[in-house]
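Chain by chain, the residues:
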Amino acid sequence: METIRINTDELAKNILNTVGGSGNVLYSNVIQATNCMTRLRLRLIEKNEFMIDALKKIDGVLGVNEDGDEVQVILGAGRATTVTNAVNKILEATNTVKVGKVKIGDAKAIHDKIRAKNATPVKLFFKKISSIFTPLIPGFIACGLITGLVSCAVKMSPDLASAQIIQLLMVAGNAVFWGMNLFVGVNAAKIFGGTPILGGVLAALMTHPALADIKLLDAALVPGRGGVISVIIVAAFGAWLEGRLHKIIPEMFDLFLTPLVTVLTAGAAAILILQPVGGALSDAIGAAATTAVQSGGAVVGFVLAGVWLPLVMLGIHQAMTPIHVDLIAQFGVTILLPILAMAGAGQVGASIAVYFKTKNKFLKKTIASALPVGMMGVGEPLIYGVTFPLFKPFIGACIGGAFGGAVVANFTVGAATLGISGLPLAATTNNIPIYLFGLFTAYVAGFIATWLLGFDDPPDT
(Lines give C-alpha, C1' and ligand atoms only; values in the text may rest on other atoms or scores of the structure.)
Protein backbone atom coordinates (compact mmCIF):
# COMPACT_ATOMS: atom_id res chain seq x y z
CA MET A 1 0.00 0.00 0.00
CA GLU A 2 1.41 3.29 -1.06
CA THR A 3 0.41 6.72 0.18
CA ILE A 4 -0.50 9.42 -2.32
CA ARG A 5 1.11 12.86 -2.42
CA ILE A 6 -1.41 15.64 -2.84
CA ASN A 7 -0.81 19.20 -3.98
CA THR A 8 -2.36 21.34 -1.23
CA ASP A 9 -3.29 24.33 -3.41
CA GLU A 10 -4.82 22.11 -6.06
CA LEU A 11 -6.81 20.20 -3.45
CA ALA A 12 -8.11 23.47 -1.96
CA LYS A 13 -9.19 24.70 -5.40
CA ASN A 14 -10.89 21.39 -6.23
CA ILE A 15 -12.88 21.53 -3.00
CA LEU A 16 -13.95 25.13 -3.60
CA ASN A 17 -14.88 24.39 -7.20
CA THR A 18 -17.07 21.54 -5.95
CA VAL A 19 -18.96 23.52 -3.32
CA GLY A 20 -19.41 26.25 -5.92
CA GLY A 21 -21.11 29.62 -5.89
CA SER A 22 -24.35 31.30 -6.77
CA GLY A 23 -24.89 33.70 -9.66
CA ASN A 24 -21.62 34.86 -11.15
CA VAL A 25 -19.81 35.34 -7.86
CA LEU A 26 -16.99 32.81 -7.48
CA TYR A 27 -17.15 30.58 -4.37
CA SER A 28 -19.99 32.68 -2.98
CA ASN A 29 -21.60 29.59 -1.46
CA VAL A 30 -18.88 29.55 1.23
CA ILE A 31 -19.63 31.53 4.38
CA GLN A 32 -16.62 30.41 6.43
CA ALA A 33 -13.75 27.93 6.32
CA THR A 34 -12.15 26.71 9.54
CA ASN A 35 -10.47 23.51 10.63
CA CYS A 36 -9.86 21.16 13.52
CA MET A 37 -7.02 18.62 13.68
CA THR A 38 -8.31 16.45 10.82
CA ARG A 39 -11.13 18.33 9.06
CA LEU A 40 -11.77 21.34 6.87
CA ARG A 41 -15.08 22.74 8.16
CA LEU A 42 -17.08 24.64 5.54
CA ARG A 43 -20.14 26.71 6.37
CA LEU A 44 -22.20 26.90 3.19
CA ILE A 45 -25.26 28.81 2.01
CA GLU A 46 -26.65 25.60 0.57
CA LYS A 47 -25.60 22.01 0.02
CA ASN A 48 -26.99 18.89 -1.62
CA GLU A 49 -26.25 15.21 -2.07
CA PHE A 50 -24.58 15.74 -5.48
CA MET A 51 -22.12 18.14 -3.87
CA ILE A 52 -21.37 15.74 -1.01
CA ASP A 53 -20.82 12.81 -3.40
CA ALA A 54 -18.53 14.93 -5.59
CA LEU A 55 -16.47 16.02 -2.57
CA LYS A 56 -15.96 12.38 -1.57
CA LYS A 57 -14.47 11.60 -4.99
CA ILE A 58 -11.76 14.27 -4.87
CA ASP A 59 -8.23 12.87 -4.56
CA GLY A 60 -6.97 13.67 -1.07
CA VAL A 61 -10.42 13.78 0.53
CA LEU A 62 -10.70 10.89 2.99
CA GLY A 63 -14.37 11.35 3.78
CA VAL A 64 -17.14 13.88 4.25
CA ASN A 65 -19.40 14.41 7.23
CA GLU A 66 -22.42 16.71 7.60
CA ASP A 67 -23.21 18.45 10.87
CA GLY A 68 -26.28 20.63 10.49
CA ASP A 69 -25.37 23.36 8.02
CA GLU A 70 -21.66 22.52 8.20
CA VAL A 71 -19.84 20.26 5.75
CA GLN A 72 -16.72 18.67 7.26
CA VAL A 73 -14.17 17.52 4.69
CA ILE A 74 -11.90 14.93 6.30
CA LEU A 75 -8.30 15.38 5.18
CA GLY A 76 -6.16 14.01 8.01
CA ALA A 77 -3.81 15.55 10.55
CA GLY A 78 -1.54 18.29 9.20
CA ARG A 79 -3.18 18.39 5.79
CA ALA A 80 -6.39 19.84 7.29
CA THR A 81 -4.52 22.93 8.46
CA THR A 82 -2.57 23.52 5.24
CA VAL A 83 -5.61 23.02 3.00
CA THR A 84 -7.74 25.34 5.17
CA ASN A 85 -5.06 28.03 4.91
CA ALA A 86 -5.02 27.58 1.13
CA VAL A 87 -8.83 27.71 0.97
CA ASN A 88 -8.95 30.94 2.98
CA LYS A 89 -6.22 32.44 0.81
CA ILE A 90 -8.29 31.72 -2.31
CA LEU A 91 -11.47 33.06 -0.68
CA GLU A 92 -9.75 36.29 0.33
CA ALA A 93 -8.56 36.79 -3.23
CA THR A 94 -11.85 35.95 -4.96
CA ASN A 95 -14.85 36.62 -2.73
CA THR A 96 -16.77 39.92 -2.99
CA VAL A 97 -18.98 41.69 -0.48
CA LYS A 98 -22.16 40.08 -1.74
CA VAL A 99 -23.38 36.55 -2.12
CA GLY A 100 -25.64 36.79 -5.16
CA LYS A 101 -28.24 39.27 -3.89
CA VAL A 102 -27.54 38.52 -0.23
CA LYS A 103 -24.88 40.38 1.71
CA ILE A 104 -22.29 38.22 3.45
CA GLY A 105 -23.34 39.60 6.84
CA ASP A 106 -26.97 38.72 6.16
CA ALA A 107 -25.98 35.25 5.00
CA LYS A 108 -24.02 34.71 8.20
CA ALA A 109 -27.01 35.81 10.25
CA ILE A 110 -29.24 33.36 8.38
CA HIS A 111 -26.70 30.62 8.89
CA ASP A 112 -26.39 31.36 12.60
CA LYS A 113 -30.15 30.91 12.92
CA ILE A 114 -29.96 27.57 11.12
CA ARG A 115 -27.09 26.45 13.38
CA ALA A 116 -29.03 27.47 16.48
CA LYS A 117 -32.03 25.47 15.27
CA ASN A 118 -30.00 22.32 14.56
CA ALA A 119 -27.80 22.42 17.66
CA THR A 120 -29.01 20.67 20.79
CA PRO A 121 -28.08 22.05 24.24
CA VAL A 122 -26.15 18.88 25.12
CA LYS A 123 -24.18 18.96 21.87
CA LEU A 124 -23.39 22.65 22.30
CA PHE A 125 -22.27 22.07 25.88
CA PHE A 126 -19.91 19.28 24.88
CA LYS A 127 -18.50 21.43 22.07
CA LYS A 128 -17.88 24.29 24.50
CA ILE A 129 -16.08 22.04 26.97
CA SER A 130 -14.02 20.44 24.22
CA SER A 131 -13.07 23.83 22.72
CA ILE A 132 -11.54 24.85 26.06
CA PHE A 133 -8.94 22.11 25.67
CA THR A 134 -8.43 22.06 21.89
CA PRO A 135 -5.78 24.84 21.93
CA LEU A 136 -3.88 22.91 24.61
CA ILE A 137 -3.56 19.66 22.65
CA PRO A 138 -0.14 20.46 21.08
CA GLY A 139 1.15 21.10 24.61
CA PHE A 140 -0.29 17.80 25.85
CA ILE A 141 1.33 15.96 22.97
CA ALA A 142 4.76 17.59 23.33
CA CYS A 143 4.95 17.25 27.12
CA GLY A 144 3.45 13.78 27.17
CA LEU A 145 5.92 12.47 24.61
CA ILE A 146 8.87 14.10 26.43
CA THR A 147 7.76 12.46 29.69
CA GLY A 148 7.19 9.10 28.03
CA LEU A 149 10.51 9.01 26.15
CA VAL A 150 12.48 10.16 29.20
CA SER A 151 10.75 7.52 31.34
CA CYS A 152 11.71 4.86 28.79
CA ALA A 153 15.33 6.01 28.86
CA VAL A 154 15.42 5.95 32.67
CA LYS A 155 13.87 2.46 32.77
CA MET A 156 16.56 1.18 30.41
CA SER A 157 19.36 2.95 32.30
CA PRO A 158 18.40 3.98 35.90
CA ASP A 159 21.68 5.91 36.30
CA LEU A 160 20.34 8.52 33.89
CA ALA A 161 17.84 9.70 36.52
CA SER A 162 20.50 11.81 38.24
CA ALA A 163 21.68 13.50 35.02
CA GLN A 164 20.90 17.22 34.88
CA ILE A 165 19.65 17.06 31.30
CA ILE A 166 17.19 14.29 32.22
CA GLN A 167 15.91 16.28 35.19
CA LEU A 168 15.48 19.33 32.97
CA LEU A 169 13.56 17.25 30.41
CA MET A 170 11.30 15.93 33.16
CA VAL A 171 10.50 19.52 34.14
CA ALA A 172 9.75 20.29 30.48
CA GLY A 173 7.52 17.23 30.27
CA ASN A 174 5.52 18.40 33.28
CA ALA A 175 5.24 22.03 32.15
CA VAL A 176 1.80 21.88 30.55
CA PHE A 177 0.32 20.10 33.55
CA TRP A 178 2.00 22.49 36.01
CA GLY A 179 0.29 25.41 34.29
CA MET A 180 -2.88 23.53 33.39
CA ASN A 181 -5.32 25.36 35.65
CA LEU A 182 -4.16 28.75 34.40
CA PHE A 183 -4.46 27.74 30.74
CA VAL A 184 -7.91 26.26 31.31
CA GLY A 185 -9.03 29.32 33.27
CA VAL A 186 -8.05 31.66 30.43
CA ASN A 187 -9.67 29.49 27.73
CA ALA A 188 -12.82 28.74 29.73
CA ALA A 189 -13.47 32.42 30.43
CA LYS A 190 -13.06 33.18 26.74
CA ILE A 191 -15.39 30.35 25.67
CA PHE A 192 -18.08 31.38 28.16
CA GLY A 193 -17.94 35.01 27.03
CA GLY A 194 -15.80 36.57 29.76
CA THR A 195 -12.43 38.31 29.81
CA PRO A 196 -9.75 35.59 29.42
CA ILE A 197 -7.26 37.09 31.89
CA LEU A 198 -9.93 37.25 34.62
CA GLY A 199 -10.48 33.52 34.15
CA GLY A 200 -6.73 33.07 34.52
CA VAL A 201 -6.68 35.20 37.68
CA LEU A 202 -9.49 33.14 39.25
CA ALA A 203 -7.66 29.92 38.33
CA ALA A 204 -4.45 31.29 39.87
CA LEU A 205 -6.33 32.21 43.04
CA MET A 206 -7.67 28.66 43.36
CA THR A 207 -4.25 27.13 42.65
CA HIS A 208 -2.05 29.48 44.68
CA PRO A 209 0.22 27.50 47.08
CA ALA A 210 -0.31 30.11 49.84
CA LEU A 211 -3.88 28.81 50.25
CA ALA A 212 -2.45 25.90 52.20
CA ASP A 213 -1.49 28.31 55.02
CA ILE A 214 -5.06 29.65 55.35
CA LYS A 215 -7.79 28.01 57.42
CA LEU A 216 -11.54 28.50 57.11
CA LEU A 217 -13.71 26.93 59.83
CA ASP A 218 -10.60 25.20 61.19
CA ALA A 219 -10.01 23.45 57.86
CA ALA A 220 -6.94 24.26 55.76
CA LEU A 221 -7.65 25.23 52.18
CA VAL A 222 -6.36 22.91 49.45
CA PRO A 223 -4.61 24.63 46.51
CA GLY A 224 -5.86 23.34 43.18
CA ARG A 225 -8.61 21.19 44.67
CA GLY A 226 -10.88 19.84 41.96
CA GLY A 227 -8.35 20.55 39.19
CA VAL A 228 -9.70 21.63 35.84
CA ILE A 229 -13.28 20.75 36.74
CA SER A 230 -13.32 23.35 39.51
CA VAL A 231 -11.60 25.86 37.25
CA ILE A 232 -14.20 25.43 34.49
CA ILE A 233 -17.06 25.89 36.96
CA VAL A 234 -15.52 29.03 38.49
CA ALA A 235 -14.50 30.52 35.12
CA ALA A 236 -18.02 29.98 33.77
CA PHE A 237 -19.51 31.66 36.83
CA GLY A 238 -17.02 34.53 36.58
CA ALA A 239 -17.85 35.05 32.88
CA TRP A 240 -21.59 35.06 33.64
CA LEU A 241 -21.12 37.53 36.49
CA GLU A 242 -18.92 39.79 34.38
CA GLY A 243 -21.56 39.92 31.66
CA ARG A 244 -24.23 40.99 34.17
CA LEU A 245 -21.95 43.63 35.68
CA HIS A 246 -21.25 45.18 32.28
CA LYS A 247 -24.99 45.81 31.96
CA ILE A 248 -25.56 47.46 35.36
CA ILE A 249 -22.32 49.36 36.07
CA PRO A 250 -22.15 52.82 34.46
CA GLU A 251 -19.77 52.97 31.50
CA MET A 252 -17.40 55.46 33.14
CA PHE A 253 -16.79 53.05 36.05
CA ASP A 254 -17.00 49.81 34.06
CA LEU A 255 -13.26 49.48 33.38
CA PHE A 256 -12.43 49.62 37.10
CA LEU A 257 -15.41 48.16 38.93
CA THR A 258 -16.34 45.22 36.70
CA PRO A 259 -13.03 43.31 36.97
CA LEU A 260 -12.72 44.19 40.67
CA VAL A 261 -16.20 42.98 41.59
CA THR A 262 -15.85 39.93 39.32
CA VAL A 263 -12.62 38.75 40.93
CA LEU A 264 -13.76 39.46 44.50
CA THR A 265 -17.22 37.94 44.12
CA ALA A 266 -16.32 34.98 41.91
CA GLY A 267 -13.15 34.42 43.98
CA ALA A 268 -15.17 34.27 47.22
CA ALA A 269 -17.71 31.94 45.60
CA ALA A 270 -14.84 29.78 44.36
CA ILE A 271 -13.15 29.38 47.73
CA LEU A 272 -16.35 28.95 49.77
CA ILE A 273 -18.63 26.98 47.43
CA LEU A 274 -17.59 26.24 43.85
CA GLN A 275 -14.13 24.78 44.44
CA PRO A 276 -15.38 22.36 47.14
CA VAL A 277 -18.21 21.32 44.79
CA GLY A 278 -15.75 20.87 41.91
CA GLY A 279 -13.41 18.95 44.20
CA ALA A 280 -16.17 16.55 45.22
CA LEU A 281 -17.13 16.06 41.58
CA SER A 282 -13.52 15.49 40.58
CA ASP A 283 -12.99 12.96 43.37
CA ALA A 284 -16.17 11.12 42.37
CA ILE A 285 -15.12 10.93 38.70
CA GLY A 286 -11.62 9.73 39.60
CA ALA A 287 -12.94 7.11 42.01
CA ALA A 288 -15.59 5.89 39.56
CA ALA A 289 -13.12 5.54 36.68
CA THR A 290 -10.40 3.77 38.65
CA THR A 291 -12.80 1.51 40.53
CA ALA A 292 -14.64 0.51 37.37
CA VAL A 293 -11.48 -0.41 35.49
CA GLN A 294 -9.69 -2.03 38.43
CA SER A 295 -12.69 -4.10 39.53
CA GLY A 296 -14.25 -4.75 36.12
CA GLY A 297 -10.96 -5.26 34.31
CA ALA A 298 -11.25 -6.83 30.88
CA VAL A 299 -15.06 -6.73 30.83
CA VAL A 300 -15.19 -2.96 31.41
CA GLY A 301 -12.42 -2.41 28.86
CA PHE A 302 -14.29 -4.54 26.31
CA VAL A 303 -17.50 -2.50 26.73
CA LEU A 304 -15.84 0.94 26.79
CA ALA A 305 -13.68 0.37 23.71
CA GLY A 306 -16.51 -1.42 21.91
CA VAL A 307 -18.97 1.49 22.16
CA TRP A 308 -16.41 4.26 21.67
CA LEU A 309 -16.65 4.64 17.88
CA PRO A 310 -20.43 5.25 17.93
CA LEU A 311 -19.93 7.78 20.74
CA VAL A 312 -17.28 9.57 18.65
CA MET A 313 -19.73 9.85 15.77
CA LEU A 314 -22.40 11.26 18.10
CA GLY A 315 -19.96 13.87 19.41
CA ILE A 316 -20.26 12.63 22.99
CA HIS A 317 -16.53 11.81 23.08
CA GLN A 318 -15.82 15.53 23.64
CA ALA A 319 -17.01 15.19 27.23
CA MET A 320 -14.07 12.89 28.01
CA THR A 321 -11.32 15.50 27.62
CA PRO A 322 -11.69 17.15 31.06
CA ILE A 323 -11.99 13.69 32.63
CA HIS A 324 -8.66 12.61 31.09
CA VAL A 325 -7.02 15.84 32.27
CA ASP A 326 -8.44 15.41 35.76
CA LEU A 327 -7.24 11.79 36.01
CA ILE A 328 -3.73 12.83 34.96
CA ALA A 329 -3.75 15.59 37.56
CA GLN A 330 -4.86 13.16 40.29
CA PHE A 331 -2.96 10.00 39.41
CA GLY A 332 -0.29 11.01 36.88
CA VAL A 333 -1.96 8.94 34.14
CA THR A 334 -5.38 8.45 32.59
CA ILE A 335 -6.37 4.78 32.51
CA LEU A 336 -9.27 5.52 30.17
CA LEU A 337 -7.34 6.84 27.15
CA PRO A 338 -5.41 3.60 26.37
CA ILE A 339 -8.70 1.67 26.50
CA LEU A 340 -10.51 4.08 24.20
CA ALA A 341 -7.51 4.25 21.84
CA MET A 342 -8.16 0.60 20.98
CA ALA A 343 -11.31 1.61 19.08
CA GLY A 344 -9.13 3.31 16.47
CA ALA A 345 -6.89 0.25 16.30
CA GLY A 346 -9.90 -1.97 15.64
CA GLN A 347 -10.76 0.30 12.77
CA VAL A 348 -7.27 -0.09 11.31
CA GLY A 349 -7.72 -3.88 11.29
CA ALA A 350 -11.17 -3.58 9.76
CA SER A 351 -9.89 -1.27 7.01
CA ILE A 352 -7.04 -3.62 6.14
CA ALA A 353 -9.62 -6.40 5.70
CA VAL A 354 -11.64 -4.14 3.39
CA TYR A 355 -8.49 -3.29 1.41
CA PHE A 356 -7.80 -6.95 0.64
CA LYS A 357 -11.45 -7.82 -0.08
CA THR A 358 -12.63 -4.86 -2.16
CA LYS A 359 -12.26 -4.60 -5.91
CA ASN A 360 -13.13 -0.89 -5.86
CA LYS A 361 -10.03 1.08 -6.89
CA PHE A 362 -11.15 4.36 -5.33
CA LEU A 363 -11.85 2.61 -2.02
CA LYS A 364 -8.41 1.00 -2.09
CA LYS A 365 -6.84 4.40 -2.73
CA THR A 366 -8.81 5.93 0.17
CA ILE A 367 -7.65 3.19 2.53
CA ALA A 368 -4.04 3.52 1.38
CA SER A 369 -4.15 7.24 2.17
CA ALA A 370 -5.98 6.90 5.48
CA LEU A 371 -4.27 3.87 7.01
CA PRO A 372 -0.96 5.53 7.95
CA VAL A 373 -2.71 8.34 9.84
CA GLY A 374 -5.13 5.78 11.29
CA MET A 375 -2.23 3.83 12.77
CA MET A 376 -0.91 7.11 14.16
CA GLY A 377 -4.19 7.58 16.01
CA VAL A 378 -6.25 9.81 13.68
CA GLY A 379 -9.26 7.62 12.99
CA GLU A 380 -11.78 9.98 11.41
CA PRO A 381 -10.64 9.42 7.80
CA LEU A 382 -11.18 5.69 8.24
CA ILE A 383 -14.54 6.16 9.99
CA TYR A 384 -16.09 8.45 7.39
CA GLY A 385 -14.17 7.32 4.35
CA VAL A 386 -14.21 3.54 4.80
CA THR A 387 -15.89 1.69 7.66
CA PHE A 388 -19.05 3.65 8.40
CA PRO A 389 -20.22 4.02 4.76
CA LEU A 390 -19.88 0.22 4.40
CA PHE A 391 -21.42 -0.28 7.90
CA LYS A 392 -20.48 -3.95 8.50
CA PRO A 393 -16.76 -3.06 8.68
CA PHE A 394 -17.76 -0.41 11.24
CA ILE A 395 -19.22 -3.21 13.38
CA GLY A 396 -16.03 -5.19 12.81
CA ALA A 397 -13.98 -2.20 13.95
CA CYS A 398 -16.04 -1.95 17.15
CA ILE A 399 -15.48 -5.65 17.82
CA GLY A 400 -11.73 -5.30 17.23
CA GLY A 401 -11.54 -2.29 19.54
CA ALA A 402 -13.45 -4.16 22.23
CA PHE A 403 -10.90 -7.00 22.31
CA GLY A 404 -7.99 -4.55 22.43
CA GLY A 405 -9.72 -2.61 25.21
CA ALA A 406 -10.11 -5.81 27.22
CA VAL A 407 -6.35 -6.39 27.04
CA VAL A 408 -5.18 -2.96 28.20
CA ALA A 409 -7.91 -2.68 30.86
CA ASN A 410 -6.99 -6.06 32.30
CA PHE A 411 -3.48 -4.73 33.01
CA THR A 412 -4.64 -1.19 33.98
CA VAL A 413 -2.43 0.54 31.40
CA GLY A 414 -2.30 4.32 31.89
CA ALA A 415 -1.12 7.18 29.65
CA ALA A 416 0.53 10.41 30.80
CA THR A 417 -0.91 12.60 28.04
CA LEU A 418 -3.92 13.13 25.81
CA GLY A 419 -4.52 14.39 22.30
CA ILE A 420 -2.76 11.43 20.69
CA SER A 421 -3.67 7.81 20.16
CA GLY A 422 -2.52 4.79 18.18
CA LEU A 423 1.20 4.01 18.01
CA PRO A 424 2.45 7.43 19.29
CA LEU A 425 0.55 6.95 22.56
CA ALA A 426 2.69 3.92 23.39
CA ALA A 427 5.67 6.06 24.45
CA THR A 428 3.56 7.81 27.09
CA THR A 429 2.09 4.70 28.71
CA ASN A 430 3.24 3.01 31.90
CA ASN A 431 3.30 -0.41 30.23
CA ILE A 432 4.48 -0.15 26.63
CA PRO A 433 4.60 -3.92 25.81
CA ILE A 434 1.01 -4.50 27.00
CA TYR A 435 -0.26 -1.40 25.20
CA LEU A 436 1.37 -2.56 21.95
CA PHE A 437 -0.06 -6.04 22.48
CA GLY A 438 -3.48 -4.44 22.91
CA LEU A 439 -3.04 -2.58 19.61
CA PHE A 440 -2.01 -5.79 17.86
CA THR A 441 -5.01 -7.61 19.36
CA ALA A 442 -7.37 -4.89 18.12
CA TYR A 443 -5.80 -4.97 14.63
CA VAL A 444 -6.20 -8.74 14.36
CA ALA A 445 -9.68 -8.91 15.91
CA GLY A 446 -10.92 -6.04 13.73
CA PHE A 447 -9.51 -7.75 10.62
CA ILE A 448 -11.04 -11.14 11.44
CA ALA A 449 -14.44 -9.71 12.44
CA THR A 450 -14.68 -7.66 9.24
CA TRP A 451 -13.51 -10.53 7.07
CA LEU A 452 -16.21 -12.79 8.54
CA LEU A 453 -18.97 -10.16 8.48
CA GLY A 454 -18.21 -9.14 4.91
CA PHE A 455 -19.69 -6.08 3.20
CA ASP A 456 -21.36 -4.96 -0.01
CA ASP A 457 -18.51 -3.96 -2.27
CA PRO A 458 -19.38 -0.66 -3.99
CA PRO A 459 -18.97 -0.71 -7.79
CA ASP A 460 -16.27 1.42 -9.43
CA THR A 461 -17.65 4.70 -10.75
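Let me sum up the structure you'll find in this document. Because the structure is predicted, anything quoted here is derived from the model rather than measured. (Residues numbered from 1 in each chain as written. Predicted model: local features only at pLDDT ≥ 70, side-chain atom pairs only at ≥ 80, totals over all residues. Heavy atoms only, no water.)

### Remarks on helix α3 (residues 79–94)
Three or four residues apart is the spacing at which side chains of an α-helix point the same way, because the helix has 3.6 residues per turn.
Right, on to step 1. Between its first and last C-alpha, α3 extends 22 Å over 16 residues, near the 22 Å set by a 1.5 Å rise per residue.
Right, on to step 2. Buried positions along α3 lie against α1 (8–19), β1 (30–35) and β2 (39–44). (Helix = DSSP H or I, 4+ residues; strand = E, 2+ residues; numbered from the N terminus. Expected span 1.5 Å × (residues − 1). Contact = heavy atoms within 4.5 Å.)

### Quick look at the side chain of threonine 441
Right, on to step 1. By the secondary structure assignment, threonine 441 is in helix α18 (residues 432–453).
Right, on to step 2. Setting aside anything within four residues of it in sequence, one finds threonine 441 in contact with Phe403, Gly404 and Val407.

### Comments concerning the nonpolar core
In a soluble, globular protein the nonpolar side chains are often hidden away together inside.
Right, on to step 1. Among the nonpolar cores identified, the biggest contains 78 residues, and Phe133, Phe140, Met180, Val184 and Tyr435 are the most heavily contacted of them.
Right, on to step 2. Take this core: its biggest share by element is twelve residues, from helix α13 (residues 336–357).
Right, on to step 3. Once residues lying within four places of it in the same chain are set aside, the contact partners of methionine 180 are Leu136, Phe140, Val228 and Val325.
Right, on to step 4. By size, the runner-up hydrophobic cluster in this structure holds 26 residues, among which are Ala33, Ile58, Val73 and Ala80. (Core = buried A, V, L, I, M, F, W, Y, C linked by side-chain atoms within 4.5 Å. Buried < 20%, exposed > 50% of the residue type's maximum accessible area, 1.4 Å probe, protein only.)

### What about a nonpolar patch on the surface?
Right, on to step 1. Judged by side-chain polarity, Val299, Phe302, Val303, Val307, Phe388, Phe391, Ile395, Ile399, Phe403 and Leu453 come together as a nonpolar surface patch covering roughly 840 Å² of accessible area.
Right, on to step 2. At the level of secondary structure, the elements contributing two or more residues to the nonpolar patch comprise α11 (251–314) and α16 (392–410).
Right, on to step 3. Looking at the nonpolar patch element by element, the count peaks at four residues for α11.
Right, on to step 4. Checked against the element boundaries, isoleucine 395 lands in helix α16. (Patch = residues over 30% accessible without salt bridge, like charges linked within 9 Å, V, L, I, M, F, W, Y side chains within 5 Å. Areas by Shrake-Rupley, 256 points an atom, 1.4 Å probe, with all protein chains shown as cover. Salt bridge = Lys/Arg side-chain N within 4 Å of Asp/Glu carboxyl O.)

### Focus on the sheet that holds β1
Right, on to step 1. Ordered by their spatial adjacency, four strands build an open sheet running β1-β2-β4-β3, and the pairing between neighbours is antiparallel. Strands with a single pairing partner mark the edges of an open sheet, and in this sheet they are β1 and β3 (63–67). Geometrically, the sheet is characterised by an average inter-axis angle of 20° between neighbouring strands, direction not taken into account.
Right, on to step 2. Where β1 lies against β2, five bridges are found, and the strand directions are antiparallel. Bridged to asparagine 35 within β2 is leucine 40.
Right, on to step 3. Strand contacts of helix α2 (residues 49–56): β2, β3 and β4 (70–74), with the helix running at about 145° to β3, the strand carrying the most contacts.
Right, on to step 4. Sheet strands touched by helix α15 (residues 380–390): β2, β3 and β4. Its angle to β3, the strand with the most contacts, is close to 95°. (Pairing = 2+ DSSP bridges. Axes fitted to C-alpha atoms, helices over the stretch in contact; angles between N-to-C directions.)

Function cannot be read off these values alone, since they describe shape.
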